[in-house]
Amino acid sequence: MISTIKSLPPSPGVYQYFDAQDRLLYVGKAKNLRNRVKSYWRFTPDFSVNPAQSPRIIKMLHEAVRLDYVVVGSEEDALILENSLIKQLKPKYNILLRDDKTYPYIYIDESQAYPRFEITRKVVKGRDITYYGPFPSGGRALFDALYEVYPLVQKKSCLREGKACLFFQIHKCLAPCEGRISPEEYNQIVQEAKTAITKRRKLTDALKEKMGRLAIQERFEEAAALRDNIEAISALTVRSDIDLAKQTDLDIFAILNGDERGVVVKLFMRQGKIISSAYNYFRHTHIFEENEAYKQALLEFYTIDTPQTAQTILTAHRFADAPQVAQTLSSRFGKKIVIENPLRGAKAKLTELALQNCRELLRNTKSDTVMEQKIADLLDLSVIPYRIETFDNSHMMGAATVGGMVVWNENKWDKNAYRRYTLHARDEYGQMSEMLKRRIEHFKTEPAPDLWVLDGGQANLNLAFSLLKEAQINLDVIAIAKEKLDAKAHRAKGAAKDILYTAGGIIELKPGDKRLHWIQRQRDEAHRYAITYHQNKKRKEDTQISLLKQKGIGKATVKKLIDYFGTFDAIRNASAEEIEKVTNRKISSIIKNNTEEL
């Protein structure tokens with residue numbers, strides 16, 4: 001490694017430290033690779049770690065045996081590449097903030113005669129577009145309230161029809177499609193609605209009045225829906241007596257580290273008022289580093305698709321890479337972005353408000369991950385498994401082969417992160433390989449968890465380790481399989497025994513062990529999810545086969561097609577020549593006509 005360090009170029013780039021098992025330890029960026037990497041070490045009288053580094057970095061350097069680096073064109077490129085590699089490869093000594101949400105915005109395109117409000121998570125092109133937000137929560141409730149209170153064009157298709165519809169009859173639209181209201185009159189309603197997005201009292205008062213009328217009419221479900229919307233809209237507003245005395249747009253970020261977890265709080269001020277807020281927790285607090293945390297939080301939040309960004313970002317702490325992050329964001333959005341750490345005045349009160357929210361969120365956090373800590377100790381994991389992905393596949397005699405991935409995150413199922421896979425491999429090893437490869441491909445946008453749990457034995461475990469090593473990703477893996485008696489899985493009720501396969505060897509726990517139950521719960525949920533998908537897919541394929549049989553195409557011909565093409569989708573997309581080649585029959589039109597709708 002010393003020869004690599006001495007030969008480093010004085011160029012911007014990204015460097016990576018690896019341990020003796022070739023596992024990635026740390027990713028860093030540098031304006032000058034030679035100077036930055038050399039600063040970690042002392043070269044005289046012996047080559048040794050520089051004691052001026054932080055304890056975390058010193059520990060990492062003692063484990064490092066190899067250094068790789070990538071030269072890039074600029075410091076901005078280095079910053080972007082560093083952030084991407086940290087998110088994708090999950091180095092052991094880099095903090096990883098998990099917040100991949102894209103927040104919704106409400107927007108309106110006033111280039112149209114009768115514009116309507118829409119919800120978006122990405123930039124919508126147009127000169128006369130105004131954005132409101134972001135709204136991490138409550139955005140949909142606010143959007144629905146606009147159309148409940150104001151008689152706006154309700155649907156995109158309304159104007160195309162040219163005829164008044166049900167919305168006109170129930171007084172929720174003024175039928176501009178029939179010219180019953182002029183563009184000028186309609187614009188006055190739009191302006192009122194735009195004001196109500198930020199000054200929401202009028203909206204909530206109107207909803208409360210309607211909720212009361214519905215309750216009197218005993219339409220309790222509708223009244224309850226309005227009540228929920230009122231609560232969601234009210235929750236958007238962060239109570240603050242801070243007055244900037246001007247129409248200012250600001251984004252405020254505060255990050256605090258706690259004993260068991262840290263928290264990121266974001267406040268969004270538009271036209272001098274805080275319109276919404278968001279927060280997310282993060283783990284691995286033992287390797288927390290403030291500069292890295294703020295850098296990641298800002299680069300992850302402000303993607304190229306972010307519809308609106310305040311030109312001034314306030315941070316509760318000063319961090320070293322702020323100038324470079326500001327420059328990167330300025331390039332990304334084509335306008336000057338400033339990052340400030342105010343020490344006094346109204347802006348400092350805003351960052352203190354964000355910090356106050358951080359402290360309150362950490363104070364209210366209860367330790368609910370005792371089992372995860374026990375699992376980490378049992379399996380000798382490198383980190384406590386707060387986020388787990390579990391994989392299983394399902395098929396019947398090779399038909400309707402599918403896979404499922406379920407996600408356990410912070411003591412609950414994260415069902416929005418569940419994934420289904422249509423698989424093409426014929427054997428279970430190949431199917432697992434297909435699933436894991438596809439998951440690894442998405443680590444860049446959906447970061448790796450703390451632990452993988454695989455349904456299967458040693459072969460699947462070795463497969464996962466091989467794929468992760470090839471991708472240079474740090475990730476703990478275990479496999480769980482039923483104990484086999486006489487070559488058959490033993491499933492006797494109350495006596496079924498599962499065997500755990502880990503990097504350190506096989507672990508057998510008693511059937512009543514709560515740690516085993518916890519792991520079994522992960523596997524069982526993955527099995528339930530995969531088999532449900534399999535059943536739906538099998539039902540669809542059975543219907544397709546039945547239709548084909550009715551048209552004179554027998555089981556043997558269907559089997560030939562499935563064996564050759566793998567799925568009905570592939571058969572439907574195949575050319576007539578390919579189908580004829582496989583079956584020696586001109587039946588492509590029958591197949592396509594009878595599988596198209598399924």
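Everything discussed here concerns the structure shown above.
The text that follows walks through the structure, step by step, so that each part is easy to find. Being a predicted model, the structure only gives us computed values, none of them experimental.

1. Remarks on the overall build of the chain
From N to C terminus, the chain includes 21 helices and 23 strands. Within the chain, buried positions represent 49% of all 598 residues. Taking contacts inside the chain between residues at least 6 apart in sequence as the whole, the part at least 24 apart equals 63%.

2. Re the sheet that holds strand β2 (residues 24-30)
The strand order across the open sheet formed by 3 strands is β2-β1-β5, and the pairing between neighbours is antiparallel. The sheet is open, and its two edges are formed by β2 and β5 (66-71), each paired on a single side. Across this sheet, the average inter-strand angle for adjacent strands is 20 degrees, counted without regard to direction. As paired elements, strand β1 (residues 13-18) and β5 share 6 bridges and run antiparallel to each other. Residue pairing across strands places Gly-13 opposite Val-71, the latter belonging to β5. Of the strands in this sheet, β1 and β2 are in contact with helix α3 (residues 55-63), which crosses β2 at around 120 degrees.

3. A short note on the nonpolar core
Looking at soluble globular proteins, one finds that nonpolar side chains tend to be buried together. Core analysis: the largest hydrophobic core is formed by 76 residues, its most contacted members being Phe-117 and Leu-152. Top contributing element to this core by residue count: helix α13 (residues 346-363), with 7 residues. Apart from residues no more than four positions distant in its own chain, Phe-117 is found in contact with Ile-106, Tyr-107, Ile-108, Tyr-132, Phe-143, Leu-146, Tyr-147, Leu-152, Val-190, Ala-193, Lys-194 and Ile-197. Listed in part, the 36 residues of the second largest apolar core include Val-72, Leu-467, Leu-475 and Ala-481.

4. So, the packing of aromatic side chains
What describes a pair of aromatic rings is the distance from one ring centre to the other and the angle between the planes of the rings. Per the counting criterion, the structure on display carries 26 aromatic pairs. Between Tyr-294 and Phe-319, the aromatic rings sit 5.5 Å apart at their centres with planes inclined by 15 degrees, giving stacked as the arrangement. Placement of Tyr-294 in helix α11 (residues 290-301) and of Phe-319 in the loop between β12 (312-315) and α12 (322-333) is noted, with a sequence separation of 25 residues between them. We note that Tyr-294, like Phe-319, is buried. Through a chain of ring-to-ring contacts, three or more aromatic side chains come together here, namely Tyr-15, Tyr-17, Tyr-26, Tyr-40, Trp-41, Phe-43 and Phe-47. One Lys or Arg, Arg-66, reaches over the ring of Phe-18 and ends 4.0 Å from the middle of that ring.

5. Let's talk about the environment of Arg-261
If you trace the backbone, Arg-261 turns up in the loop between β9 (250-257) and β10 (262-270). Note on Arg-261: relative accessible area 9%, which makes it buried. When the C-alpha atoms of Arg-261 and Arg-283 are compared, they prove to be 4.7 Å apart, with 22 residues separating the residues in sequence.

6. A look at the packing of helix α4 (residues 75-89) against α12
One can describe the packing of α4 onto α12 by two numbers: an axis separation of 10 Å at closest approach and a directional angle of 95 degrees. By the angle between their directions, the pair α4 and α12 is classed as roughly perpendicular. For the pair formed by α4 and α12, the contact residues are Glu-75, Glu-76, Leu-79 and Ile-80 on the first element and Gln-324, Val-325, Gln-327, Thr-328, Ser-331 and Arg-332 on the second.

7. What to know about the pairing of strand β11 (residues 273-282)
Note: β10 against β11, 9 bridges, orientation antiparallel. Of the residues in β11, the one forming a bridge with Lys-266 is Ala-278. What sits between the antiparallel neighbours β10 and β11 is a turn of 2 residues, in which Gln-271 has the positive phi angle 55 degrees.

8. Examining the environment of Tyr-279
Structurally, the position occupied by Tyr-279 is in strand β11. For Tyr-279, a relative accessible area of 46% puts it in the partly exposed group. Sequence-wise, Tyr-279 and Ile-255 are 24 residues apart; in three dimensions their C-alpha atoms are separated by 9.6 Å. Not counting residues within four places of it along the chain, the set of residues in contact with Tyr-279 comprises Val-263, Val-264, Val-265 and Leu-361.

9. Remarks on the pairing of strand β18 (residues 451-455)
Summarising burial for β18: 4 of the 5 residues are buried, a large majority. Across 5 bridges, the pairing between β18 and strand β19 (residues 476-482) is parallel. Each residue of the ladder has a partner; that of Val-453, found in β19, is Ile-478. Viewed along the sheet, the connection from β18 through helix α16 (residues 458-471) into β19 turns out right-handed.

10. Considerations on the pattern of salt bridges
Across all of its chains, the model carries 38 salt bridges by this definition. With a shortest N-O distance of 3.2 Å, Glu-75 and Lys-29 are connected by a salt bridge. With a gap of 46 residues between them, Glu-75 in helix α4 and Lys-29 in strand β2 connect regions that are remote in the sequence. The residues Glu-75 and Lys-29 share a single accessibility class, namely buried. The residue Arg-528 makes a salt bridge to Glu-525 at a minimum N-O spacing of 2.9 Å. Placement of both Arg-528 and Glu-525 in helix α17 (residues 514-550) is noted, with a separation of 3 residues, approximately one turn of the helix. According to the relative accessible area criterion, Arg-528 is partly exposed, its value standing at 37%. On the basis of relative accessibility, which here comes to 11%, the residue Glu-525 falls in the buried class. Each of the salt bridges in this network shares a partner with another, and the network as a whole consists of Lys-29, Glu-75, Glu-82, Lys-295 and Asp-321.

11. Let's talk about helix α14 (residues 370-379)
Burial in α14 covers these residues: Met-371, Glu-372, Ile-375, Ala-376, Leu-378 and Leu-379. Considered in projection along α14, the buried side chains sweep an arc of 165 degrees and stay on one side of the axis. Within two residues after α14, Asp-380 carries a phi angle of roughly 55 degrees, on the positive side.

What counts and how
Residues numbered from 1 in each chain as written. Predicted model: local features only at pLDDT ≥ 70, side-chain atom pairs only at ≥ 80, totals over all residues. Heavy atoms only, no water. Helix = DSSP H or I, 4+ residues; strand = E, 2+ residues; numbered from the N terminus. Buried < 20%, exposed > 50% of the residue type's maximum accessible area, 1.4 Å probe, protein only. Contact = heavy atoms within 4.5 Å. Pairing = 2+ DSSP bridges. Axes fitted to C-alpha atoms, helices over the stretch in contact; angles between N-to-C directions. Core = buried A, V, L, I, M, F, W, Y, C linked by side-chain atoms within 4.5 Å. Phe/Tyr/Trp six-rings, centres within 6.5 Å; stacked < 30°, edge-to-face > 60°. Lys NZ or Arg CZ within 6 Å of the ring centre and 35° of its normal. Parallel < 35°, antiparallel > 145°, perpendicular 65-115°, else oblique. Right-handed = clockwise from strand over helix to strand, strands pointing away. Salt bridge = Lys/Arg side-chain N within 4 Å of Asp/Glu carboxyl O. Arc of directions from axis to C-beta.

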